[in-house]
Amino acid sequence: MGGAYYEVQEGQLQVQDVVPEAFQSVFPFRYFNQVQVGSIAAFTEDSNLVVSAPTGSGKTVVFELAICRLIQRRLNGRQEFNIVYLAPVKALCAEKATEWKKKFEPFGITVEEVTGDSTGDFHTLTSVDLICTTPEKWDTLTRTRGPHINRKVPQNEIDLFFQFGIASKTALLIVDEVHSLNDERGGTLEAVISRMRLTQTLLRHASSERAAATHLRIVAASATIPNAADVQEWLRPASLRYFDDSVRPCKLTSHVLGYQESNPYQFESQLTKRLPEVISQYSNGRPCLVFCPSRKSSMNTAIALSEMLLNRRQRQESSRTLHSGKAWEEWALRVESDSLRKCVVQGVAFHNATLSTFDRKLVEDMFRNEALPVVCTTTTLAQGVNLPAHLVVIKSTRVYRKGQLCEYDSNLIIQMLGRAGRPQYDDSGTAVIMTSLNSKSLYDLTVKGAHHAVESQLRNAFVEHVNAEVCRGTIVDVPGAMLWLKETFFWVRVKRNPGHYFGCESKTHYSDSEIEKRLKDLCLTALNLLGESGLIAYDEDGVTISSTPAGILMAKFYIKFSTMILIQKASQFHCVEDLLRILSEAEEFSEVTLRRSEKRVLNDINRMNVYKLPAKERVRTRADKVFVLVQAHLCDSDRLSENVSLMLEANRVISLLLRVCNCACAYIEESTFDRARFSALSSCFFLRRCLLTRTSLNGENVLKQLKGVGTAMRLQLKEAGIESFNDIRAEHPRKLESILHRNPPFGNELHQQLKSLPLLTIKVEILNENLVVRAQCNIESTTRRFSLLFLLGTSGPQPRTLLKRFLATSSNTWHEEKISCRAGGGIFPVTVLFAVEDVFGMDVEKVLERKVDGLLLIRAAPRKESSAKDSESLSSLRRRATTIPEYPVKRLKDNRLKARREPEFVSLSAALQVVSTSPRTGNTANGAAICRMVFQTSR
């Protein structure tokens, strides 16, 4: 194995013999166990350390020893630092952050959880000492460099510390569950560790004295894997501590149960019916974890199991030492999810990423306190979360991945089995694998120790990681790309098992030169793809590589390469429907699966959506499903809400699409083209605001943004003809309360909310042959700051698009633009959009037109999106939405007409345009006087 195997008996080494008195409070026990004794170098040395030991053997203590050593150095006056803890799941990060705050904050160490469930940015994290995060989140925080860095500046003058940011300040990198390198997401973990290592290499070679003093220590822990020595070689120089299953604190008994399989796609559901007898036979009335292959499966299993346990009256048998049914009902009152609440009442729960953070923590607390006999969960809970059970059941060994059923990796199976056994309560644990008869022999070998080697997954997202390193400044040429590649686990495994990566398993021997040539070709292929797509650029000599604005956006928003190509194409589409349709093709939705059982529901939903699939077309692809789900979720479809699994999937799809849409908005904003850029930008911003506020594409449910207004209230208001913020403003509070059957002061509270929302107006006038557009924002009660978007587009042979963002920092905020409109300038029609970026329904969009053969007053058509009841085609709707309606107006033949004569208008929402007199008259004075009239428009 190349490491050290320790046979030190527990009880031989006391905490006080190694740890100074100041740190002994961190370890609430007297003796270290075998794994901790064997890994004591975490406290006594500064070298990298790899620990491979069974699940539940106390590897967290090894991390704490390393942290204490670093704190000791800080107390002795060494340089400032931060510590980064990487774990594959958010729940594990949250658990460690909570635990370590209590232990290390007395030493002046600040601890923060930084995941998708928490808040925090780069600037605030620079002052945090211990960061608990996931590889994906750390990747987003470290993959881009400071925008001030100029590649033309000599390398020795660049401040590498500022360039590499928080990564250069890290002194200790703790990697938990490092065997997750073998998972589908393992490429990200590998990329960030390699980035940290290469950053330190570059800093050591810098001329700065600070850089010369920098040292990064990596402490990595994994379950028992056969090629832990490869991880040791990757993190070189590093020492390895390897322990087998004999050091488990609880003896594990494993059973593999094989069942006849008739239909592979229904087999997992068939196993659900056998769960009660398995739990009854092996749990001995103690807590049980049931691992399911998907989030949907974990929820459905919990629901079915709770019904079966109730019907068969097994609840009394399985809870002899647990809380009573009355206690379950009390716990259920605290649950937010309706589905989860129904299960908890029966003593069963499910735990997956679709639950809120509160519900997940509540389930964990109930299970730890033995208030729940059974929890059905996904495989992610096996990755280190401290939630041990006496019995672990793996219900089905297959997972549906990318359109096909795949067997679990053997290392993941061992990880799940390792959750069996509770050292604080039991001296043994039981694990049961429920699989098909055909696979039983395979898993019999697995439980006997036949594990697969951990392989690199970096090649699955190789182009994306290369682009990130180019943006960061790590890769500046082809040799730099090879230098980065040699810091990866991929490099180690390619040399060890080249046939696996080169697609030729039969050929086992490759020379070093042949391996290096193939890997150089791999780098060149990735760089060429990025170059041909405009994501990177070469200098005049074709040697030095630099990132382009598009490449930087791809890295910043964490976008897949194929999706970035779609975004580049999306900039050519000028309507919301086409934009949504092409973004639905994004690779980010690769995990979305179109199931045969869902097609009927999706087709029914499609018929009610704002934008429908082409005539006579049905939902056939993953992109079709995304296209339908997004709209159904935004419009609060009853048909969707009836299907819990689709509703959960729609929530995930919306989150992913919002990130993709943010990137599309930024890309179009950065683009240099002007023709049709306004249409593309306005459509993209429109879609983004709908996703951000979860409002329908036809704007029918904008009132859901008001606190306290749910679906039922919105429908009541709609029946009364109240569908917009302005409609609510126009109604008396008592009238609103009467409509909604609510007591005072509910109506006043709604009005108070509206006072804190911006009221946007646009004023237009022509002064000295300049079109002056003034966008004004008024807020009665400034309780928060709003980001405002001003977008202006001109027409003619040389169209222009102006985009400005500014904050509404006071009760009256305005922005003004002047554009030359001299005769022959050809800027009309001019379209103006003024909107709030994070509130939908407050925007104003106006079209201004000038006729050269006289003075016309034109009513500008407000923005119109298609609705479900429209029978027109999308193209005709878009033409109607962007065309100035030719309303009957009186032509002003006399240039001397006085400006005091004011026109009459139908409503405030009508847009007005005042244009100068015909250039044929040569008399611009009277025209200018007329054009000084300011028409305020509001919607």
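For the structure, check the block above.
In what follows, the accompanying structure is described.

Here is what the cut-offs are and how they apply
Per chain, residues are indexed from 1 in the order of the written sequence. The predicted nature of this model means local features are confined to residues of pLDDT at least 70 and side-chain atom pairs, given and counted, to a pLDDT of 80 or more, with totals for whole chains, interfaces and linings taken over all residues. Where side-chain values are given, they derive from all heavy atoms of the structure, hydrogens and water being excluded. Relative accessibility under 20% of the residue-type maximum defines a buried residue, over 50% an exposed one, and the middle range a partly exposed one, all with a 1.4 Å probe and only protein chains included. Secondary structure elements follow DSSP: runs of H or I no shorter than four residues count as helices, runs of E no shorter than two count as strands, and numbering proceeds from the N terminus. Note on pairing: DSSP must find at least two bridges between two strands before they are called paired. Nonpolar core, defined: a set of buried Ala, Val, Leu, Ile, Met, Phe, Trp, Tyr and Cys residues in which side-chain atoms within 4.5 Å join the residues together. The axes used here are C-alpha line fits, helices contributing only the stretch in contact, and every angle between their N-to-C directions lies in the interval 0 to 180 degrees.

**Some remarks on the pairing of strand β23 (residues 830–836)**
Turning to step 1, where the next piece is worked out: Counting buried positions along β23 yields seven of seven residues, so the element is predominantly enclosed.
Turning to step 2, where the next piece is worked out: Burial of β23 is two-sided: the residues Val830, Val832, Phe834 and Val836 facing one way and the residues Thr831, Leu833 and Ala835 facing the other way are all buried.
Turning to step 3, where the next piece is worked out: Pairing of strand β20 (residues 786–793) with β23, which is carried by six bridges, proceeds in the antiparallel orientation. Bridging from a neighbouring strand, Leu789 pairs with Ala835 of β23.
Turning to step 4, where the next piece is worked out: Note: β23 against strand β24 (residues 844–848), five bridges, orientation antiparallel. Its bridge partner being in β24, Val832 is matched across the sheet by Lys846.

**A short note on the nonpolar core**
Turning to step 1, where the next piece is worked out: In this structure, Leu697 and Leu771 are the most contacted members of the largest nonpolar core, which totals 137 residues.
Turning to step 2, where the next piece is worked out: By residue number, the principal contributor to this core is helix α31 (residues 644–670), which donates 15 residues.
Turning to step 3, where the next piece is worked out: Formed by 59 residues, the second largest nonpolar core is a distinct cluster that contains Val393, Val399, Leu412 and Tyr443.

**Side note on the sheet that holds β23**
Turning to step 1, where the next piece is worked out: Strand order across the open sheet formed by four strands is β21-β20-β23-β24, with antiparallel pairing between neighbours. Lying at the two open borders of the sheet, with one neighbouring strand each, are β21 (801–808) and β24. Between one strand and the next, the sheet's axes are offset by a mean angle of 10°, whatever the strand orientation.
Turning to step 2, where the next piece is worked out: Looking at chain direction, β20 and β21 are connected through eight bridges and run antiparallel. Bridge pairing in β21 links Leu792 to Leu802.

**What about the sheet that holds strand β4 (residues 130–133)?**
Turning to step 1, where the next piece is worked out: Taken together, seven strands build an open sheet; the order of strands is β3-β4-β2-β5-β6-β1-β7 and the sheet is parallel. Two strands bound the open sheet, and with one partner strand each, they are β3 (111–114) and β7 (238–242). Neighbour to neighbour, the strand axes of the sheet diverge by 15° on average, direction disregarded.
Turning to step 2, where the next piece is worked out: Note: strand β1 (residues 48–52) against strand β6 (residues 217–222), four bridges, orientation parallel. Across the sheet, Val50 pairs through a bridge with Ala220, a residue of β6.

**Some points on unusual backbone geometry**
Phi is mostly negative for residues that are not glycine, and the peptide bonds are mostly trans.
Turning to step 1, where the next piece is worked out: In this model, Arg236 is joined to Pro237 through a cis peptide bond whose omega is -10°.
Turning to step 2, where the next piece is worked out: Structurally, Pro237 can be placed in the loop between α11 (228–234) and β7.
Turning to step 3, where the next piece is worked out: With omega at 5°, the peptide bond leading from Pro744 into Pro745 counts as cis.
Turning to step 4, where the next piece is worked out: Along the chain, Pro745 turns up in the loop between α35 (733–740) and α36 (746–755).
Turning to step 5, where the next piece is worked out: In this model, Glu177 sits at a positive phi of 55°, which is unusual for a non-glycine residue.
Turning to step 6, where the next piece is worked out: By secondary structure assignment, the location of Glu177 is in the loop between β5 (170–175) and α9 (186–204).
Turning to step 7, where the next piece is worked out: At Tyr558, a residue that is not glycine, the phi angle is positive and equals roughly 60°.

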